[in-house]
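Structural description and commentary
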Amino acid sequence: MRASARELTIRFHGAAGTVTGSCMELELGGHSILVDCGMFQGSRNLETLNHGAFSFDPAEIDAVVLTHAHIDHCGLLPKLAAQGYDKAIWCTPATTDLLEYMLADAGRIQESEADRRNRRRDRAGDPGFQPLYTEQDALRAWRMCRPVKLCDWFEPAPGFRARLWNAGHILGSASVEIEAGGTRLLLSGDLGPDNKAFHPDPAAPVGVDHLVCESTYGNRAREKLTIAQRRDLLEREVKAALARGGNLIIPVFALERTQELLLDLAHLADDNRIPNVPIFVDSPLASRATKVFAAHAADLEDMGDRAIFDHPSIHYVEEAAASIRLNSMSGAIILAASGMCEAGRIRHHLKHNLFRRESTVLFVGFQARGSLGRVILDDAQRVRISGDDINVRAQIRRIDSYSAHADQEELHGWIRARRPIAGSLFLSHGEPEAVEGLRALVAADDPAASVIAPRIGETWALPTGAPARRLHTGRVDLEELVGEDWQNDYADFITNLKRNLGKIRGERALRDALADMRRVLDSYNAVREERRRRNTAPASRRAGRA
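Report follows, based on the coordinates. (Residues numbered from 1 in each chain as written. Predicted model: local features only at pLDDT ≥ 70, side-chain atom pairs only at ≥ 80, totals over all residues. Heavy atoms only, no water.)

**Examining the packing of aromatic side chains**
- Tallying each qualifying case throughout the model produces seven aromatic pairs.
- Measuring from ring centre to ring centre gives 4.9 Å for Phe54 and Phe56, while their planes differ by 25 degrees; the resulting arrangement is stacked.
- For Phe56, a relative accessible area of 11% gives the class buried.
- With centroids separated by 4.6 Å and ring planes inclined at 20 degrees, the aromatic side chains of Trp90 and Phe154 adopt a geometry described as stacked. With Trp90 in strand 5 (residues 89-91) and Phe154 in the loop between strand 6 (145-147) and strand 7 (160-166), this pair connects stretches of sequence that are 64 residues apart. Neither residue differs from the other here; Trp90 and Phe154 are each classed as buried.
- An aromatic cluster is present here, built from Phe12, Phe426 and Trp460 joined pairwise through their rings.
- Over the aromatic face of Phe54 sits the side chain of Lys79, whose NZ or CZ is 4.7 Å from the ring centroid. (Phe/Tyr/Trp six-rings, centres within 6.5 Å; stacked < 30°, edge-to-face > 60°. Buried < 20%, exposed > 50% of the residue type's maximum accessible area, 1.4 Å probe, protein only. Helix = DSSP H or I, 4+ residues; strand = E, 2+ residues; numbered from the N terminus. Lys NZ or Arg CZ within 6 Å of the ring centre and 35° of its normal.)

**Describing the side chain of Glu410**
- Tracing the chain through its elements places Glu410 in helix 12 (residues 408-417).
- Taking the relative accessible area as the measure of exposure, Glu410 reaches 11% and is therefore buried.
- In terms of polar contacts, Glu410 uses its side chain to reach the backbone amide nitrogen of Asp407, at 2.9 Å. (Polar contact = N/O pair within 3.5 Å; in protein donor to acceptor, adjacent residues only side chain to side chain.)

**Topic: the pattern of salt bridges**
- Summed over all chains, the structure comprises 35 salt bridges.
- Across the salt bridge formed by Glu436 and Arg439, the nearest N and O atoms sit 2.8 Å from each other. Placement of both Glu436 and Arg439 in helix 13 (residues 432-445) is noted, with a separation of three residues, approximately one turn of the helix.
- For Arg439, a relative accessible area of 29% gives the class partly exposed. (Salt bridge = Lys/Arg side-chain N within 4 Å of Asp/Glu carboxyl O.)

**Things to note about the packing of helix 6 (residues 227-243) against helix 7 (residues 257-270)**
- Direction vectors running N to C along helix 6 and helix 7 enclose 75 degrees, while the axes themselves pass 10 Å from each other. Taken together, the axis directions place helix 6 and helix 7 in an arrangement best described as roughly perpendicular. Packed against helix 6, whose contacting residues are Ile227, Arg230, Arg231, Leu234, Glu235 and Val238, the element helix 7 presents Glu260, Leu261, Leu263, Asp264, Leu265, His267 and Leu268 at the interface.
- Grouping the amino acids of the contact of helix 6 with helix 7 by side-chain chemistry returns seven nonpolar, one polar and five charged. (Axes fitted to C-alpha atoms, helices over the stretch in contact; angles between N-to-C directions. Parallel < 35°, antiparallel > 145°, perpendicular 65-115°, else oblique. Contact = heavy atoms within 4.5 Å. Nonpolar A, V, L, I, M, F, W, Y, C, P; charged D, E, K, R; others polar.)

**So, helix 7**
- Between its first and last C-alpha atoms helix 7 spans 20 Å; for 14 residues at 1.5 Å apiece the expected length is 20 Å, and the two agree.
- The element helix 7 is extensively covered by neighbouring structure, given that 13 of its 14 residues are classed as buried.
- Backbone geometry just after helix 7 places Asn272 at a positive phi near 55 degrees. (Expected span 1.5 Å × (residues − 1).)

**Describing the sheet that holds strand 8 (residues 174-180)**
- Pairing is mixed in the open sheet, where six strands are placed in the order 7-8-9-10-19-20. Two strands bound the open sheet, and with one partner strand each, they are strand 7 and strand 20 (450-452). Pairs of neighbouring strands in the sheet enclose a mean axial angle of 15 degrees, with direction left out of account.
- Sheet analysis places strand 7 next to strand 8, joined by seven bridges and oriented antiparallel. Each bridged residue has a counterpart across the sheet, and for Asn166 the counterpart in strand 8 is Ala174.
- Seen against the sheet, helix 12 touches strand 8, strand 9 (183-187), strand 10 (210-214) and strand 19 (424-428) and runs at an angle of roughly 165 degrees to strand 10. (Pairing = 2+ DSSP bridges.)

Right, dumping it as structure tokens:
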């Protein structure tokens, strides 16, 4: 099935059946634009998608419209620039300011990660890893930013008209309204919850032809808390953690979550509601993002007259040596990135605190399947961090009220407020059970509605005033890539192997157990080798065996 030359189409390159890698391509009359170009995050399998070739030619994309500066929405822009894209990246002014730091940091991480892998002794003589992109690629992408104010119409490409609406998610975040080929399309981006710190509630137009809505928390309803109630909850967690005598470790996203926590911690400290202890922001990127927030303070809600980000209890840690010195401390509050514990300085803080019964790890953000943060939250007794097995003895706590994402009720309300939807509703940016939870709620409202859960690689025609038509099917291997992968299983196996062997008494019994495991692996490899040999044998020989 094909679309007509004047019919708008959408292709999902990411964030379909998963919460990361947001990237959608809109095409009309030979012109194409991307909405977002994000990095896949989570399991190692899912992250391999970042290294594959784009399923489009970067040089033939006419424009990028970016919803916000989170890496799962912007993190492949430097790769796009490195492979020939040289046109505008349209986004809000605040997003432009944030991208200078977010993308440059991502480039440095890619370079340092490649260097770290190449220096591993067990890789001596192997071909070298190449970074996905460099810091210079990242800065090249940032220089393509074309800031545009909310609600101002612009033309990103011939035949396309667009404007941005406040999404209430993070500083500078936006939903995208597109008019092309007579079709009116609205893409939510990531939506913030009602009554969020810093930002007004999300706003967007009504009566569109097609709607693409995120569904990160499509199956989860959170308790609705005011900012004052949220601070009450944080106060209790901080007091309980410090009473144990250890550190309070908070994995944070450098952008928005860090600044929200600093807002609340500063208020609690000023009101003498928490002990007077140092608060360390151990993330150079979070420090730089905080400076952008301070520069946009006049546009932010809830700031009051206090110089929140210059509070005397808050200390910004820049140098790696200063970060390492925090490992010897007790009784401090340490905010460190990354928020899912997959990289960055949070990993060495976990390594030095997870085994301490007096320490506390407080999660305040979404943890994707396969991430270290999710493994810890799912009650792991041991975890593997940078090659070391760590017993989890610290208190593991969670506060959901800091989420920058709308929950099921708020997503449903936002969708209802956009009606009438003349064509189809696409539910993207969610794990399968989250998408299904929101789809069931929408279907209960309107059983006749066209509700689509797209897959990566699918292409849909978007006619005016009628349901979408699928033109191309998606990737069939996605289910194998989403969720925990073999490396999660391997880490779990290795971290528990010594403990399980410790239950076996006697030298002979231990040696027998190891020999049994070796025989299982040898047998498995022999079967695989025989299958490979049969599959590669000449057809005449296979026929003779038959």
